[in-house]
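The residues making up each chain are set out below.
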Amino acid sequence: MPSTRNKQGRCYIYPTMKDLDLVSSESAQHWKKTLSDRLDPKWREDIDNFETDIVLKKKGKIEDRVFAETRLRMGAYGQRYDNGHRHDGNESRTIPFPTDLNKGPETKWDAPGMERIKLPWGGMSADQLDVMAELAEEYSDSILHITTRQDIQLHYIHIENCPSMFRRLAAVNITTREACGNSVRNVTACPIAGVCREEAFDITGYANAVFKYLLGHPDVQDFGRKFKIALSGCKHNPCGLTNIHDLGLTAVARPRPDGTVARGFEYVVGGGLGAVTYDAKLFSDFVPEEEVLALTQATCRVYARLGEKKKRHRARIKFLVADMGIDKFREAVLEERAKLPNDPRWTDFLATLPKFEEKPLRAAGKGIPKTNDAMFDFWCLTNVYPQKQDGFVTVTITLPMGDITSNQARALSDVARKYVKDTMRTTVEQNIVMRWVSEADLYNVYNDLKAIDLAEPGAASIVDITACPGTDTCKLGVSSSRGLAAELRTRLAVKFVEMDEAVRNLRIKVSGCFNSCGQQHIADIGFYGISRNVAGYIVPHFQMVLGGQFTNNGGSYGLATGGIASKAIPGVVDKLLDMYLHGKQKGEIFRAWVERTGKGVIMQSIADVAAVPAYDKDKSYYTDWGSVREYNVKDKGMGECAGEVVSLTEFGLKAADREIFDAQLKYDAGDIQAAGDKAYKAMLLAAQGLIKMFNIDISDDPERVMAEFRERFYDSKLFFDPIAGPTYANFYFGGHDERNAKLDKEKAGRRLKEAQIFLEACHNCNLRMSMGANKGKEGILAKPDAKA
Amino acid sequence: MNLQYLNWKIYFENPAEAEPDEWFKVFSTWIPDAPEIFIDVADYKHVPDGPVTLLVGHYVNYSLDATGRSLGLLYDYKHPMDGSDEEKIRASLQGILRVAKRLEEDAGFTHKPKFKAGSLRFIVNSRAAAPNTPQTLEAVKPDLIKVLAKAFGEGGFDLEHLTDPRQRFSVQVTAKGSPVLAEVLKRLG
């Protein structure tokens, strides 16, 4: 096994092929071998790179926080207890994971994690659902969990299984890239786009274009936090929730003088939930369709350049917009937009829009069949939406807590194949819709769904409760959101059929902490997890938020009303509903009733049911829903919603490390020329990474990289080693001059060694600069954001 | 073959008495001071045809499981194991039977589970390692039969290959008579 040691004592050891096999099981090799040729080349490269990163991490070649952000950007998220500790109700115990290795700061390598699978605009085919069902069985726990952003999450996954999962997903055209981390997350959209009776136009193709254009785009790799985009076909429904997003696009069809219609979007920025809610600000009431991608790119560039990077709690774009004011923010974005060189992709996608027009599998029906089945009639009332296309309806499949098992998912795929082709979508209410169901087939669809326990009524109603994972699996969870949601759902379902319509149509949403993944601020009745000290005991509580507006794309936020003990909440909800039902004026919606009644009166009225009994009277209040342990908050850890701030330079250096690792493998395998070529590429990537400190737009052209490296790092002496001076830069210069030369074993071996030393010098240079060792030289260097 | 990711499911004598909340409580008591590495218990009683109550471990997951709409105890070995296929089949079968016995004896249950030692399902949880084909059955059968012969005696059981190609490779094992769990375990050594 080759190894070198530098003068700081840092030892490089590159594994042999045999070592690589140790971290890649036979199953993993099977998927790599059988699927690689079927993958999009870029996606294949991403997955291969991630697999190599896993190997390098195990060899100690990648820092914990850099690997954390790397895996987050592939959707591999941490889970509760991944710091290796779990409180058993009495004391915190160490979980004795077999290795000491970490996959992030304070995150154990062997701890199971969550994988988030991006479904742009919630779209999925029957084949894709089948594959996700298989992955849930083989790598997770046979449960597919649908999130409030139309993703699917699998839990309890070992990080080393991720490359196989990614390959199997990519083979059916699904990527997990940028599903987590400081990146553009899943692009969500109205699940009834294209069939909605009230939309301006079908936004599916636009959502797909935004997703495709920004996926892996260089301008979205340097954010301080995540960036969420949503599209909606209309202003008043809640399907797209554009107002709670970093960037919201709502379809507008504007008539032209010549009688034709111009398509465009109302463009809002800086909305957001979280601990402190922010209202989205109107950037423009009409951005023409041909301008949407360009303006979005400019918005991302401004956010990357001016957004906060150090103070994580102030790093979302909503803070930037609030600090600058919408007018100045708009000015900065438009200025940025004017500087952007034209990209044909901004408008090319317009020609592909017809591809997103879905067609039915079956002929249109002539009305919903009449039956004597009362449950079918009730299900139609809550779960069936008549499409704008006569004779067709959209069916909502209500999923308790957003969960569906692998067997159910496969069976659902079969129902979809039988009746609707590939027209399934996930929803922000954690359900699945099947569009283009012929009215003639509806009763058969209902019975087929009933046979697999997927015909539960109550979609988009008070029993269709949204809940984030909370303390079940989330590191940030304070209280059990799923436990509470399950309890409320069970209790409310008993009286659901008899409920007054005004109550039946209310929404309840629950988050395990203030970060609002459960979207409690836009529910009629929302809760987020907190804890309270009651006579010396810590008691699980939820802050109650009343009167949020789910309609109008999450039009306004509710009012925090007061903390309620978790176990008291079902009683409180019963009382609240009773008060509303008997106290509301004719036609008065819940929000209006809350405002008219007042927080004080409401809290006073529920005080009796909200009281927490003393510990010795009723211990159940001191244990959370879905738990048998006495409550504590000690399992709460550091969340990974924020990701790690990893500079583009660090990512560049990591890519260089990966390349030199591959070069060594090629060399060991006797592929001499490839080894030498890769060794040069590693130097190129490292130099490019350093340049990104000053110019994020540096191109991939070797000549430009060389010129800029020479100017910024060599002529300025910034790169010079305190002892060796310019020596190590000369390795790169030499490699560059001879980069097209044919190499024999000796020359390739030499280049490999020189490249390793150059990479080490680049790491050291980055370290010196991050420690401020080159203070005073900024004048020579600073050309921030110069467009190459 | 190189069999990996072996699962076994054992069915109940008294499925109606399995109470998910009790299982949740019992599994939770297993976590502290366990000789195995356990992480948490997950509650999925709100979904059918899948796990109901899941004890998540590092090497093995155990669950009260309703996959296929039949309630039982599922043993899911998640990491590559050493040894021959016969050794791996035997070790995993011993694994589930020991846990079944432990559950039958656990004082935390009001409704004590009672398992049918002669009603088992063998599953290979890897479509890569074992596609659900007749060829896989032919390859697995000799080692499976050797182990089951030890457990139930030569010819003391029937095998049924569950052939749905979308499901994982699975074989239903039905022993003749009513074997006693402790005795089966003893025979396996």
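Structure: above.
So, here's what we can say about the structure. Note that the structure is a prediction, hence the values are computed from the model and not measured.

1. Overview of the interface of chain B and chain A
Between chain B and chain A, the residue contacts involve 37 residues of the former and 44 residues of the latter. In total, chain B and chain A occlude about 3,400 Å² of area from one another, counting both sides; carbon and sulfur atoms represent 53% of this. Counting the surface chain B buries against chain A, the share from its top three residues, Ile 39, Arg 127 and Arg 166 of chain B, is 20%. Contributions of two or more residues to the side of chain B that touches chain A are made by helix 1 (20–30), strand 2 (38–43) and strand 3 (51–57) of chain B. It is strand 2 of chain B that contributes the most residues to the side of chain B that touches chain A, five residues altogether. By residue class, the composition of the side of chain B that touches chain A is 17 nonpolar, eleven polar and nine charged.

2. Examining the pattern of salt bridges
As enumerated under the stated definition, the model contains 75 salt bridges over all chains in all. In this structure, Asp 21 of chain B engages Lys 45 of chain B in a salt bridge whose closest nitrogen and oxygen atoms are separated by 3.0 Å. Taken as a pair, Asp 21 of chain B in helix 1 and Lys 45 of chain B in the loop between strand 2 and strand 3 lie far apart in primary sequence, 24 residues in all. Residue Asp 21 of chain B is classed as partly exposed on the basis of its relative accessible area, which comes to 41%. Several salt bridges converge on common partners, so that one network encompasses Glu 134, Glu 137, Glu 138, Arg 168 and Arg 410 of chain A together with Arg 127 and Arg 168 of chain B.

3. Observations regarding the packing of helix 22 (residues 672–691) of chain A against helix 25 (residues 745–770) of chain A
All names here are of chain A. Axis separation between helix 22 and helix 25 bottoms out at 9 Å; the angle between their running directions is 15 degrees. Classified by the interaxial angle, the pair formed by helix 22 and helix 25 is roughly parallel. In the packing of helix 22 onto helix 25, the handedness of the crossing is left-handed. The residues of helix 25 that touch helix 22, namely those facing Ile 672, Ala 675, Gly 676, Asp 677, Ala 679, Tyr 680, Ala 682, Met 683, Ala 686, Ala 687 and Leu 690, are Lys 745, Ala 748, Arg 751, Leu 752, Ala 755, Phe 758, Leu 759, Cys 762, Cys 765 and Asn 766.

4. Thoughts on the nonpolar core
All names here are of chain A. The biggest cluster of nonpolar side chains holds 72 residues, and the ones touching the most others in it are Trp 379, Leu 412, Met 434 and Leu 449. By residue number, the principal contributor to this core is helix 5 (residues 126–139), which donates eight residues. Apart from the residues within four sequence positions on either side, Trp 379 is in contact with Val 384, Val 395, Thr 396, Leu 442, Tyr 446, Leu 449, Ala 455, Glu 456 and Pro 457. Core analysis: the next-biggest nonpolar cluster, separate from the first, contains 56 residues, Cys 190, Leu 247, Ala 304 and Ile 326 among them.

5. Some thoughts on the environment of Ile 96 of chain B
All names here are of chain B. With respect to the helices, strands and loops of the structure, Ile 96 is situated in helix 2 (residues 85–105). Relative accessible area serves as the criterion here: at 0%, Ile 96 is assigned to the buried category. Considering only alpha carbons, one finds Ile 96 and Ala 129, 33 residues apart in sequence, at a separation of 21 Å. Discounting residues that sit within four places of it in the chain, Ile 96 has contacts with Trp 8, Lys 9, Ile 10, Leu 73 and Tyr 75.

6. What about the side chain of Thr 649 of chain A?
All names here are of chain A. Mapped onto the elements, Thr 649 comes out in helix 21 (residues 648–668). Judged by its relative accessible area of 3%, Thr 649 falls in the buried class. Not counting chain neighbours up to four residues away, the residues in contact with Thr 649 comprise Gly 689, Leu 690, Lys 692, Met 693 and Asn 766.

The rules we used
- Residues numbered from 1 in each chain as written.
- Chains lettered and ligands numbered in written order.
- Predicted model: local features only at pLDDT ≥ 70, side-chain atom pairs only at ≥ 80, totals over all residues.
- Heavy atoms only, no water.
- Contact = heavy atoms within 4.5 Å.
- Buried area = accessible area lost by both parts, 1.4 Å probe.
- Helix = DSSP H or I, 4+ residues; strand = E, 2+ residues; numbered from the N terminus.
- Nonpolar A, V, L, I, M, F, W, Y, C, P; charged D, E, K, R; others polar.
- Salt bridge = Lys/Arg side-chain N within 4 Å of Asp/Glu carboxyl O.
- Buried < 20%, exposed > 50% of the residue type's maximum accessible area, 1.4 Å probe, protein only.
- Axes fitted to C-alpha atoms, helices over the stretch in contact; angles between N-to-C directions.
- Parallel < 35°, antiparallel > 145°, perpendicular 65-115°, else oblique.
- Left-handed = near helix turned anticlockwise from the far one by under 90°.
- Core = buried A, V, L, I, M, F, W, Y, C linked by side-chain atoms within 4.5 Å.

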